[in-house]
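What follows is the residue order along each chain.
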Amino acid sequence: MAAQIWGSEKRARRRREISAKIAQMPELHDSKPLPFMTREEKIMESARKLTILTEKMGQIIDPTDPAELYHLNNEVLGLEGNPMALHGVMFIPALSAQASDEQQAKWLPRALRREIIGTYAQTELGHGTNLQNLETTATYDLATQEFVLHTPQITALKWWPGNLGKSSNYAVVVAHMIIKAKNYGPHPFMVQLRDEKTHEPLPGITIGDIGPKMAYNIVDNGFLGFNKYRIPRTNLLMRHTKVEADGTYIKPPHAKINYSAMVHVRAYMLTGQAIMLASALNIATRYSSVRRQGQIDKSQPEVKVLEYQTQQHRLFPSIARAYAFQFAGAETVKLYEHVLKEMKSGNVSLMADLHALTSGLKSVVTYQTGEGIEQARMACGGHGYSMASYISEIYGVAIGGCTYEGENMVMLLQLARYLVKSAALVKSGQSSKLGPLVAYLGVKSEPTSLIDRIPNSGFTEYVKTFQHVSKRQTLKAADMFFGLMEKGEKREIAWNKCSVELNRASRLHTRLFIVEAFVRRVNEIADIRIKEALTDLLHLHVNYELLDIASYALEDGFLSASQLDYIRDQVYLYLGKIRPNAVSLLDSWEFSDIELRSVLGRRDGNVYENLFKWAKSSPLNKTDVLSSVTQYLKPMMEKARL
Ligand SMILES: CCCCCCCC/C=C\C/C=C/C(=O)SCCNC(=O)CCNC(=O)[C@H](O)C(C)(C)COP(=O)(O)OP(=O)(O)OC[C@H]1O[C@@H](n2cnc3c(N)ncnc32)[C@H](O)[C@@H]1OP(=O)(O)O
Ligand SMILES: Cc1cc2nc3c(=O)[nH]c(=O)nc-3n(C[C@H](O)[C@H](O)[C@H](O)COP(=O)(O)OP(=O)(O)OC[C@H]3O[C@@H](n4cnc5c(N)ncnc54)[C@H](O)[C@@H]3O)c2cc1C
């Protein structure tokens, strides 16, 4: 199963080998539990480990393999981030995709050797979503052949970029490019921020940390202002766009090609989210098979809480989602790598499809991951609320994904643009022009669903039902939009008035893609036992997801009440079937105790003794009487007693 999750036997074996090596290197372990550290201590601890990793990486992993690097980071540095989180996730990908060969030769080896630390600085205090209204300018000075970066007012300060505040000395900065008073829109520039020897900010640069956040606090998200700060013309990233010495602008082959670093993260973050969901579920499910509370049969001893159907219903559909996201994520990364290769050689024809797909997936996956992690926390009762479970930290980090790389509603609306265009093709009889991801929009469906009507139909009837509801909602939302425009409403106003319905269409389309990716994977599996276990999970997935969106299929009578009863019964049936495999389905992800950082989720199940040990190690317990008591509470009580 681990091979299915991680992509191959070899990958799963390598992960085990890497974990085993890390277990033997105490210098790479947390020196004390992270929840007992201050933010400053955590940042220091992370930098300490990161430095050792830089020295010893070659002994532990193949540093050229991104999957191994990602695993190493998760184990050693953890999900709260690290001083170079953005360096690998966005800075290097931005240079790789947008810098010319010459620029890459100059900067990439230095970045890869970690001679310099970089980030991606785009969002500003006043604008994040609406890139067209960013305020930072890069004005070309023909006389010196330099760009002058400037922050015209406080809302133009770069705000949020990870590791910008304290760690990075370089950044890819997105600024409006102005040449001879003409604004060419946002473009990426390579900018040095700090002196390479002293790490002091360079003259003309104002920079700092934006303060503590809900989670992800090892990352120093930062602010950045420029005061007429000059960089050479050749620091504009010039793979696709060029500015010649005389100010001549050569436009890129696709207007949005400079957005590729964002698409990169949107594609890669899906499996990251799956891992966070599976981690929280692993903790909750292991704990649920240790925790005994109450009886089902009063004549019997207390049961493990995992025996309760409500507990299974809370956890198991999310287990199925974690697998589904991992499989959909793997497909998306493959597609992204293909499109990137094409893009580098000038073929931009697949960019719109990839943008639509990743926009929808990013939104649905992060939202459902957040839901699943929060349910996992609640499933641990009181101990879930303790940082000893570590689930609240996983939650805080995961839901950041609903916001970064494009706020979820906004990204769903991006997919909706694509769906509406596709609907227009269907309506004008040009279904043959639909791309493979939306071809179902042009296919006539049966009048009613055949779920529970055809024996041995596998998952086909489920997929057809998801297709039906997605198609119906897309065409309905598109009709509503076109209808408003026909009535004379301006395009943008009509769009806003339909946007809730449009986003519903985007979610349904994306959920269909996730179901199909799960089905595709199960169909590929040769090992009969693995196929069986995953087929059970897929049964739970399709029935649970369909029940969740049943109103769409009920409102036009595509599903009947009796079919809905069948679907509900299937959910309960598969909860029971999955119960014996539940812990194994999560243990198959092979997270080590070092990586999970959870007292509740310990592999050995020795929860209570270790919770007590953990509590005793709280800094508050270093002394029996705190100074808050001697200074304030004791005098207050004494005064009250007088
Ligand atoms: C190993 C991985 C683990 C991952 C862990 C990650 C941890 C790191 C943590 C955090 C990192 C976070 C980083 C950041 O957040 S960086 C900042 C990200 N910011 C955003 O995402 C901003 C969101 N906004 C946008 O992307 C855009 O403004 C927009 C797409 C919403 C709108 O852009 P705009 O230029 O205004 O375009 P239009 O709406 O007018 O659309 C025009 C047209 O262009 C199409 N389009 C837009 N983007 C793309 C694209 N990327 N590719 C292809 N096409 C694109 C759009 O669809 C329109 O098409 P049309 O309908 O045919 O006209
Ligand atoms: C943990 C974290 C890490 C980050 N890291 C980075 C980084 O490394 N580099 C970087 O540059 N940025 C980074 N960001 C910033 C992030 O990319 C932005 O916060 C994000 O893109 C959302 O933009 P915003 O904050 O402007 O939200 P806003 O756009 O102000 O969103 C507020 C509300 O308005 C709604 N809204 C906005 N526009 C529309 C619209 N057109 N239609 C409908 N509704 C709309 C949204 O849906 C939302 O409900 C990070 C953010 C976080 C939380």
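These numbers come from a predicted model, not from an experiment.

1. As for the UniProt feature "active site" (unreviewed entry) in the protein
Those residues carrying the UniProt feature "active site" (unreviewed entry) are Glu405 in this numbering. Relative accessible area serves as the criterion here: at 12%, Glu405 is assigned to the buried category. Once you skip the residues sitting within four places of it in the chain, Glu405 turns out to touch Met90, Met262, Val265, Arg266, Met269, Lys362 and Met411.

2. Description of the sheet that holds strand E8 (residues 222-226)
The sheet built from three strands is open, its strands ordered E4-E8-E7 with antiparallel pairing. Either end of the sheet is taken by a strand with one partner, and the two such strands are strand E4 (158-159) and strand E7 (205-209).

3. Concerning the site of ligand 2
Around ligand 2 there are 18 residues in total, and Tyr120, Gln122, Thr123, Thr129 and Glu407 lie nearest to it. Between ligand 2 and the protein, one listed contact pairs an oxygen atom with a backbone N or O atom of Gly128 at 3.0 Å. Backbone polar atom of Gly162 to an oxygen atom of ligand 2: 3.0 Å apart, as the coordinates give it. In isolation ligand 2 has 970 Å² of accessible area, and contact with the protein removes 63% of it.

4. A closer look at the packing of aromatic side chains
Describing an aromatic ring pair means giving the distance of the ring centres and the angle of the ring planes. This structure, assessed with the given rule, holds 14 aromatic pairs. For the pair Trp159 and Phe223, a centre-to-centre distance of 5.7 Å together with 25° between the ring planes defines the contact as stacked. Linking Trp159 in strand E4 with Phe223 in strand E8, this pair joins segments that are 64 residues apart in sequence. A relative accessible area of 23% means that Trp159 is categorised as partly exposed. Ring centres of Phe481 and Trp495 lie 5.3 Å apart, and the angle between their planes is 85°; this geometry places the pair in the edge-to-face category. Taken together, the residues Phe481 in helix H13 (residues 460-486) and Trp495 in helix H14 (residues 491-497) connect sequence positions 14 residues apart. Cluster of aromatic residues (ring-pair linked, three or more members): Trp6, Tyr323, Phe327, Phe518, Trp589 and Phe591. Its guanidinium or amino end placed over the ring of Trp6, Arg15 lies 3.5 Å from that ring's centre, counting from NZ or CZ.

5. Thoughts on the packing of helix H3 (residues 39-60) against helix H4 (residues 66-77)
Packing of H3 against H4 brings their axes to within 11 Å, and their N-to-C directions diverge by 140°. Put simply, H3 runs oblique to H4. For the pair H3 and H4, the crossing hand works out as right-handed. Here Ser46, Lys49, Leu50, Leu53, Met57 and Ile60 of H3 come into contact with H4, specifically with Leu69, Leu72, Asn73, Val76 and Leu77. Partitioned by chemical class, the residues of the contact of H3 with H4 number eight nonpolar, two polar and one charged.

6. Examining the site of ligand 1
Near ligand 1 there are 27 residues, and of these Thr129, Gln132, Lys256, Tyr259 and Lys421 occur at the shortest range. Contacts to ligand 1 include Thr129, whose backbone N or O atom sits 2.8 Å from an oxygen atom. His355 has a polar side-chain atom sitting 3.3 Å from a nitrogen atom of ligand 1. Compared with its free state, where it exposes 1,300 Å², ligand 1 has 80% of that area covered by protein. Counting residues per element, the ones that place at least two in the shell around ligand 1 are helix H7 (260-288), helix H9 (351-379) and helix H12 (408-427). In terms of residue count, H7 provides more of the shell around ligand 1 than any other element does, five residues in total. Tallied by class, the residues present in the shell around ligand 1 amount to 13 nonpolar, nine polar and five charged. Mapping the shell around ligand 1 onto the domain boundaries places at least three of its residues in each of domain 2 (116-252) and domain 3 (259-425 + 467-585).

The rules behind these values
- Residues numbered from 1 in each chain as written.
- Chains lettered and ligands numbered in written order.
- Predicted model: local features only at pLDDT ≥ 70, side-chain atom pairs only at ≥ 80, totals over all residues.
- Heavy atoms only, no water.
- UniProt positions renumbered as here; feature names shortened; annotations may be inferred.
- Buried < 20%, exposed > 50% of the residue type's maximum accessible area, 1.4 Å probe, protein only.
- Contact = heavy atoms within 4.5 Å.
- Pairing = 2+ DSSP bridges.
- Helix = DSSP H or I, 4+ residues; strand = E, 2+ residues; numbered from the N terminus.
- Near = heavy atom within 4 Å.
- Polar contact = N/O pair within 3.5 Å; in protein donor to acceptor, adjacent residues only side chain to side chain.
- Areas by Shrake-Rupley, 256 points an atom, 1.4 Å probe, with all protein chains shown as cover.
- Phe/Tyr/Trp six-rings, centres within 6.5 Å; stacked < 30°, edge-to-face > 60°.
- Lys NZ or Arg CZ within 6 Å of the ring centre and 35° of its normal.
- Axes fitted to C-alpha atoms, helices over the stretch in contact; angles between N-to-C directions.
- Parallel < 35°, antiparallel > 145°, perpendicular 65-115°, else oblique.
- Left-handed = near helix turned anticlockwise from the far one by under 90°.
- Nonpolar A, V, L, I, M, F, W, Y, C, P; charged D, E, K, R; others polar.
- Domains from an automatic or database assignment.

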